[in-house]
Amino acid sequence: MSMKVADEPVLSAVNFSAIRQRCPGCQRALPIRPPQNDETFAEWQCEACHTRLAGIFVPEIVPTLADRVRLCPQHFDASRAEPIPPELRKLVAKFLAGRESRLATHERRRNPRVPCDLDAVIVGLDDRWTPHGQPMRAVVIDLAEHGLGMMTAQRVDAARLAIQIQCSAGLVQLFGRTAWSNFVSDGFQNTGVEFRHRLGRTTLKVEEQ
Ligand SMILES: [Zn+2]
């Protein structure tokens, strides 16, 4: 089962073909438009031919096209970000052990949250889904069809996030909205993210373990 991604509201009275951009490499339609004037833009990569282009994500045009692009690696370059502290790793292990013991009784619902332990890099997005600010490291601790839970050592204050998850199938990129955020012990933060768009074609399996 792959994750279901919620659609953004559809814009009416917009000339879609005029603002939609085609990949300069393979001519496929992409959910990207060129930046205008001094607009902040992101660097994108076509999933089919790997051509890079600057642009602004416009999911309202055709939400199903999100799988044709992904953000270029530099947007998730966490080489200068704080590593995950050992104390946070321990907290994740404790959380997962606790979840496992409760799983049998509590998680028999239709959209189970599956405990996991996956390294990720997150970056805040502005209201046009364009990355801003510095990337941060996170550990994804549960996954469901519509969202995920993660732990971070630093405060997460962006309302929208891009998340790149390292999993066995490769790097998975997701755009989501911050649904809730709580401080847990030692100032670490537990944040819930509701998925809005899955970028690229790599499928992230959500399976009960
Ligand atoms: Zn292309």
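As a starting point, this report considers the structure included with it.

Definitions and cut-offs
- Here the residue numbers are simple positions, counted from 1 along each chain's written sequence.
- pLDDT decides what is reported in this predicted model: residues at 70 or higher carry local features, side-chain atom pairs at 80 or more are listed and counted, and totals for whole chains, interfaces and linings draw on all residues regardless.
- Numbered from the N terminus, helices here are DSSP runs of H or I no shorter than four residues, and strands are runs of E no shorter than two.
- Residues with at least 20 neighbouring C-beta atoms inside 10 Å of their own are called buried, those with 12 or fewer are called exposed, and the rest are partly exposed, where every C-beta is derived from the backbone.
- Here, residue contact means that the backbone-derived C-beta atoms of the two residues sit within 7 Å.
- By our criterion, buried Ala, Val, Leu, Ile, Met, Phe, Trp, Tyr and Cys residues that link up through C-beta atoms within 7 Å make up a nonpolar core.
- The source of the domain bounds is an automatic or database domain assignment.
- Strand pairing follows a simple DSSP-based rule, namely that at least 2 bridges must link the two strands.
- In this description, a line fitted to the C-alpha atoms serves as the axis of each element, helices being fitted only across the stretch in contact, and the angle between N-to-C directions of two axes falls anywhere from 0 to 180 degrees.

**Description of the overall build of the protein chain**
Check the secondary structure of the protein chain and you find two helices and twelve strands. Sequence-ordered secondary structure for the protein chain, helices as α and strands as β, is α-β-β-β-β-β-β-α-β-β-β-β-β-β. Relative to its full complement of 209 residues, the protein chain shows a buried share of 32%. Across the protein chain, contacts joining residues at least 24 apart in sequence account for 64% of those joining residues at least 6 apart.

**Remarks on the environment of Ser168**
In this fold, Ser168 is placed in the loop between strand 10 (160-167) and strand 11 (170-183). Along the chain, Ser168 and Leu118 lie 50 residues apart, while their C-alpha atoms are 9.5 Å from each other.

**As for the nonpolar core**
It is characteristic of soluble globular proteins that their nonpolar side chains tend to be buried jointly. Among the nonpolar cores identified, the biggest contains 43 residues, and Ala120, Ile122, Val139, Val140 and Met150 are the most heavily contacted of them. Structurally, this core is a two-domain feature, drawing no fewer than three residues from each of domain 1 (16-74) and domain 2 (86-199). The contacts of Met150, once residues within four sequence positions are left out, are Ala120, Ala138, Val139, Val140, Ile141, Thr191 and Val193.

**Some thoughts on the sheet that holds strand 7 (residues 114-125)**
The strands that make up a sheet are held in pairs by hydrogen bonds between backbone atoms, and each pair lies either parallel or antiparallel. Pairing is antiparallel around the closed barrel formed by six strands, whose spatial order is 7-8-9-12-11-10. When the angles between neighbouring strand axes are averaged without regard to direction, this sheet yields 45°. For strand 11 and strand 12 (residues 189-199), the ladder comprises ten bridges, and the chain directions are antiparallel. Bridging across to strand 12, Leu174 finds its partner in Arg198.

**Considerations on the pairing of strand 9 (residues 147-152)**
With six of six residues buried, strand 9 is to be regarded as a mostly interior element. Of the two faces of strand 9, both are covered, the one formed by Gly147, Gly149 and Met151 as well as the one formed by Leu148, Met150 and Thr152. Here four bridges tie strand 8 (residues 136-143) to strand 9, and the two strands are oriented antiparallel to one another. In the sheet register, Val139 faces strand 9, and the bridge partner there is Met151.

**Details of the pairing of strand 11**
Across eight bridges, strand 10 lies against strand 11 in antiparallel orientation. The residue bridging Gln166 from the neighbouring strand is Leu171, located in strand 11. Linkage of strand 10 to strand 11, two consecutive antiparallel strands, is achieved through a turn of two residues. Hairpin connection between strand 11 and strand 12: a loop of five residues separates the two successive antiparallel strands, and Asp186 in this loop has a positive phi of roughly 60°.

**Some details on the sheet that holds strand 3 (residues 32-33)**
Taken together, the four strands give an open sheet; going across it, the order is 3-5-4-6, and neighbouring strands pair in antiparallel fashion. Every other strand in the sheet has two partners, leaving strand 3 and strand 6 (69-71) as the edge strands with one partner each. Relative to strand 5 (residues 52-57), strand 4 (residues 42-46) runs antiparallel, the two sharing four bridges. Each bridged residue has a counterpart across the sheet, and for Trp44 the counterpart in strand 5 is Leu53.

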